[in-house]
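Topology and contacts: notes
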Amino acid sequence: MEDGDSNQSTTRLFTSILYLVFAISLRYSENHPDLPLNIKTKVYPSLEEKLFDDAYEVVTKLSFEWQSFELVQSWILITLYLRTCHRQISSYTSLGIAIRMCKGMGMNLNRIPAVFHKKVYEHVKIKRIFWVVYVWDRIFGFQSGKHYELHDDIINMEIPSLDDDTSDGWLTKPSLAMIHLAKICGDIQQLNLKG
């Protein structure tokens, strides 16, 4: 891929992430108590669906060509949107793509690509994105009765402590609690499978 093509793809990807965030925001704002009743006439009709469809098309095409941390994030946003609006199977499929991409990039193995070794921000980003996928995998599996894919024996990084520093802008105390809750959900599912 030429440099210009790469820059264009990166721009398309970040625009798609923005579209996904807008579509999710529109979905969740629908039932906000302070939302004016005539908001549907003020907002472009079907804007939410158009934003999602455009973003989904770009993310799908780019995922066929390459892998990136931002694509993993995109698939998690798609999973959130689909979980909110559509059938369970569609969101389970998009989550599966995020999980396979994590595994394919070795994120579960805590292997940092050589180009990122001196970039602390990239180390943090990789771990934070991985733990988001981990939480989705475990919690969604638990809720839907499907088994999770990210087993503890294939993860080479320690689960963050509840006392970890959350000042990096990626992680909050509730996020840390969700990681531990996800671990517990997975343990419960394992016990149910054995017994």
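Residues numbered from 1 in each chain as written. Predicted model: local features only at pLDDT ≥ 70, side-chain atom pairs only at ≥ 80, totals over all residues. Heavy atoms only, no water.

**Things to note about the pattern of salt bridges**
Inclusion rule: Salt bridge, as applied in this entry: a Lys or Arg side-chain nitrogen positioned within 4 Å of an Asp or Glu carboxyl oxygen. The helix count covers DSSP runs of H or I at least four residues long, the strand count covers runs of E at least two residues long, and both are numbered beginning at the N terminus. Buried means the residue's accessible area, taken with a 1.4 Å probe over protein chains only, is under 20% of the maximum for its type, while exposed means over 50%, and partly exposed covers the values in between.
By the definition in use, this model includes seven salt bridges. Measuring nitrogen to oxygen at the nearest pair gives 2.8 Å for the salt bridge that ties Arg27 to Glu48. Taken as a pair, Arg27 in helix H1 (residues 3–29) and Glu48 in helix H3 (residues 47–65) lie far apart in primary sequence, 21 residues in all. Judged by its relative accessible area of 6%, Glu48 falls in the buried class. Salt-bridge contacts for Lys183 lead to Asp187; the nearest nitrogen and oxygen are separated by 3.4 Å. Highlighted residues: Lys183 and Asp187, both in helix H7 (residues 173–194), separated by four residues, approximately one helical turn. Overall, the relative accessible area of 33% leaves Asp187 in the partly exposed class. Sharing partners across several salt bridges, the network here consists of Arg138, Asp152, Lys183 and Asp187.

These values are about where atoms sit, not about what they do.
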